[in-house]
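Structure assessment
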Amino acid sequence: MLVTIRRVGENALRVIADMLTDDTLLPGAEDESVDATIVFADIESFSDMVAREGDEIANRVLDALDDAVEAAIDGTSCRVVKRLGDGVMIATEDPGDGVIASAALPRAFSAAIGPLPVNLRLRVGAHRGVVRRRGDDLIGYHVNVAARVAEQALGGSTLITGALHDSVLLSHRLLAQPVGDLVAKGVPERPPLYSLMESPTTESPAA
């Protein structure tokens, strides 16, 4: 079961990204540098849905998000790093597994909320870079980039940076389309972005 921290109505990705741009997050003596693929996802228009439908439906939606994440990362090396509100941070040291999970998340969420009386979509962003491991958490500039990428995604879609795109060889089951550069607070180099999607001819992504 996923450990969750639920703060209904909070924009989780912006909170996390703003925290990670804080200059007080200095390296600790026990920090370890790792090359990781970071995936962020959150539910588009979740706050509006909570205001309209109430807490009971909101909690069922968050349970569906848990189920979707478990389904998307099943069989991969990805792990859940943290949950905050309607968002989730996932990480892996295998970029191929990161791409697989990123592509699968929107569809898995749509399937998980199917029985609920709501129309919600998951937006996903992923990036690869060297980050700092602090206990079970991951921090650093590239974590911030991944969160900012997810902020730019539309509901039901996945965006990945060029750094991640260029790290893997996409199979025929996945498609990637260039969509411009990331322009976001705390990300000065404007990395290229790709829209990642599963091929309509298959239900299982691979990288």
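Residues numbered from 1 in each chain as written. Predicted model: local features only at pLDDT ≥ 70, side-chain atom pairs only at ≥ 80, totals over all residues. Heavy atoms only, no water.

Comments concerning the overall build of the protein chain
Scanning the protein chain from terminus to terminus reveals six helices and eight strands. In the protein chain, the succession of α and β elements from N to C terminus is α-β-α-α-β-β-α-β-β-α-β-α-β-β. Of all 207 residues assigned to the protein chain, the portion counted as buried reaches 50%. At a minimum sequence separation of 6, the contacts of the protein chain that also span at least 24 residues come to 74%. (Helix = DSSP H or I, 4+ residues; strand = E, 2+ residues; numbered from the N terminus. Buried < 20%, exposed > 50% of the residue type's maximum accessible area, 1.4 Å probe, protein only. Contact = heavy atoms within 4.5 Å.)

Some words on the side chain of Thr158
Relative to the helices and strands, Thr158 is located in strand β6 (residues 158-161). Overall, the relative accessible area of 1% leaves Thr158 in the buried class. Within the structure, the side chain of Thr158 is placed 2.8 Å from the backbone oxygen of Ser102, a separation counted as a polar contact. (Polar contact = N/O pair within 3.5 Å; in protein donor to acceptor, adjacent residues only side chain to side chain.)

Considerations on the side chain of Asp31
Here Asp31 shows up in the loop between α1 (12-20) and β1 (32-43). Of note is the side chain of Asp31, whose polar atom sits 2.9 Å from the side chain of Arg134.

Here we look at the environment of Thr37
Relative to the helices and strands, Thr37 resides in strand β1. Residue Thr37 is classed as buried on the basis of its relative accessible area of 1%. A sequence separation of 61 residues divides Thr37 from Gly98, and the C-alpha atoms of the two residues are 5.9 Å apart.

Points about the packing of helix α3 (residues 55-73) against helix α4 (residues 95-112)
Taken N-terminus to C-terminus, the directions of α3 and α4 make an angle of 140 degrees; their axes are 8 Å apart at the nearest point. In terms of axis orientation, α3 runs oblique to α4. As α3 runs across α4, the sense of the crossing is right-handed. Within the contact between the two elements, α3 uses Val61, Ala64, Leu65, Asp67, Ala68, Val69, Ala71, Ala72 and Ile73 and α4 uses Ala101, Ala104, Leu105, Ala108, Phe109 and Ala112. Residue composition of the contact of α3 with α4, by class: 14 nonpolar, no polar and one charged. (Axes fitted to C-alpha atoms, helices over the stretch in contact; angles between N-to-C directions. Parallel < 35°, antiparallel > 145°, perpendicular 65-115°, else oblique. Left-handed = near helix turned anticlockwise from the far one by under 90°. Nonpolar A, V, L, I, M, F, W, Y, C, P; charged D, E, K, R; others polar.)

Digging into helix α2 (residues 46-53)
Every buried residue of α2 is listed here: Phe46, Met49 and Val50. Each buried residue of α2 sits inside an arc of 100 degrees when the element is viewed along its axis, so together they form one side. The exposed set on the far side of α2, more than 90 degrees from its buried face, consists of Asp48, Ala51 and Arg52. (Arc of directions from axis to C-beta.)

Observations concerning the pattern of salt bridges
Summed over the entire model, instances satisfying the criterion amount to twelve salt bridges. Measuring nitrogen to oxygen at the nearest pair gives 2.9 Å for the salt bridge that ties Arg134 to Asp31. One end of the pair, Arg134, is in strand β4 (residues 122-134); the other, Asp31, is in the loop between α1 and β1, and 103 residues separate them in sequence. By relative accessible area, which is 34% here, Arg134 ends up partly exposed. Measuring nitrogen to oxygen at the nearest pair gives 3.2 Å for the salt bridge that ties Glu151 to Arg148. Here Arg148 and Glu151 lie together in helix α5 (residues 141-152), a separation of three residues that amounts to about one turn. Arg148 carries the same exposure label as Glu151, and that label is buried. Residues participating in the shared-partner salt-bridge network are Asp31, Arg132 and Arg134. (Salt bridge = Lys/Arg side-chain N within 4 Å of Asp/Glu carboxyl O.)

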